[in-house]
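Take a look at the letters that make up each chain.
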Amino acid sequence: MNRLLARLLARLRRCGDDERGSAVLEFLVVGVLLTLPVFYLVITLARLQAGAYAVSGAAREAGRMYVTATDDGAGSLRAQAGAAMVFADHGLTGQVGISCERTPCLTRGGHITVTTAVDVELPLVPDFLGGVVPTSVHLTSTHVESVGKYRE
């Protein structure tokens, strides 16, 4: 019986020698295969969130700057400058559209609608894949700002 047990233990020891070091290799391969997609997802979501903050902040600031101007020409320039500053803070360039409910825009009790848009480039997607997969995400935001009733 002892002899049989000794042979069985010897065979088990030899079996374990063949597997030495493969667990570390398997862990590294599986770890890298799981970590890279998660890392890309985090980078992409962070970039999209920055774009969402930029587009909504630019619309809000452009509207606020427009209604505090003295006339429509100055308001348009101020709105464009305010939106450009917000976009620049996030490292993006965007478009700004302004529409008015009344003419002139700064009529008491009126509303000014500011629409901003930005294209957020997806990270690590080469341009030559543009025909196959999307390389950017288009984000828009709209903000309505009221012109004060007691404006001079």
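The text that follows walks through the structure, step by step, so that each part is easy to find.

1. Section: the overall build of the protein
Helix and strand counts for the protein come out as three helices and three strands. Reading the helices (α) and strands (β) of the protein from amino to carboxyl end gives α-α-α-β-β-β. Expected size for 152 residues packed as a compact globule is a radius of gyration near 15 Å; at 30 Å, the protein overshoots this value by more than 25%. For the protein, the C-alpha atoms occupy an extent of roughly 105 × 35 × 20 Å along the three principal directions. Residue burial in the protein is summarised as follows: out of 152 residues, 25% are buried. Contacts in the protein between residues far apart in sequence, at least 24 positions, make up 60% of those at least 6 positions apart. With 14 positive and 14 negative side-chain charges, the protein shows a separation of 14 Å between the mean positions of the two kinds.

2. What about the side chain of S141?
By the element assignment, S141 lies in strand 3 (residues 136–146). Classification of S141 by relative accessible area gives buried; the value is 15%.

3. Section: the state of the cysteines
According to the stated counting rule, one finds one disulfide in the structure shown. Across a sulfur-sulfur distance of 1.6 Å, C100 and C105 are joined as a disulfide pair. Torsion about the S-S bond of the C100 and C105 cystine: about 90°, corresponding to right-handed handedness.

4. Quick look at the pattern of salt bridges
All told, the structure shown has three salt bridges when counted by the stated rule. Among the ionic contacts, a cluster of salt bridges with common partners joins R60, E61 and R64.

5. Description of helix 3 (residues 72–89)
Look at helix 3: 26 Å from first C-alpha to last across 18 residues, which is about the 26 Å you get at 1.5 Å a residue. Of all the positions in helix 3, only G75, A79, G82, A83, V86 and F87 are classed as buried. An end-on view of helix 3 places all buried positions within 135° of arc, on one side of the element. Relative to its buried face, helix 3 has exposed residues pointing more than 90 degrees away, namely L77, M85 and A88. Those residues of helix 3 hidden inside the fold are in contact with helix 2 (22–67), strand 1 (94–100) and strand 2 (111–121).

6. Topic: the environment of V147
Mapped onto the elements, V147 comes out in the segment after strand 3. Looking at V147, the relative accessible area reads 3%, which means it is buried. A C-alpha to C-alpha distance of 5.9 Å links V147 and H111, two positions 36 residues apart in sequence. Each residue touching V147, except ones within four places of it in the same chain, is listed here: V67, C105, L106, T107, R108, G109, G110 and I112.

7. Quick look at the sheet that holds strand 1
Ordered by their spatial adjacency, three strands build an open sheet running 1-2-3, and the pairing between neighbours is antiparallel. The sheet is open, and its two borders are formed by strand 1 and strand 3, each paired with just one other strand. The mean angle between the axes of side-by-side strands here comes to 15°, regardless of whether they run parallel or antiparallel. Across eleven bridges, strand 2 lies against strand 3 in antiparallel orientation. Its bridge partner being in strand 3, T115 is matched across the sheet by T142. Along the sheet face, helix 2 touches strand 1, strand 2 and strand 3 and points at about 25° away from the line of strand 3. Contacts from helix 3 reach strand 1 and strand 2, with the element oriented near 150° to strand 1.

Cut-offs applied
Residues numbered from 1 in each chain as written. Predicted model: local features only at pLDDT ≥ 70, side-chain atom pairs only at ≥ 80, totals over all residues. Heavy atoms only, no water. Helix = DSSP H or I, 4+ residues; strand = E, 2+ residues; numbered from the N terminus. Rg over C-alpha atoms; globule rule 2.2 N^0.38 Å. Buried < 20%, exposed > 50% of the residue type's maximum accessible area, 1.4 Å probe, protein only. Contact = heavy atoms within 4.5 Å. Lys, Arg positive; Asp, Glu negative; His and termini not counted. Charge placed at Lys NZ, Arg CZ, Asp CG, Glu CD. Disulfide = S-S within 2.5 Å. Salt bridge = Lys/Arg side-chain N within 4 Å of Asp/Glu carboxyl O. Expected span 1.5 Å × (residues − 1). Arc of directions from axis to C-beta. Pairing = 2+ DSSP bridges. Axes fitted to C-alpha atoms, helices over the stretch in contact; angles between N-to-C directions.

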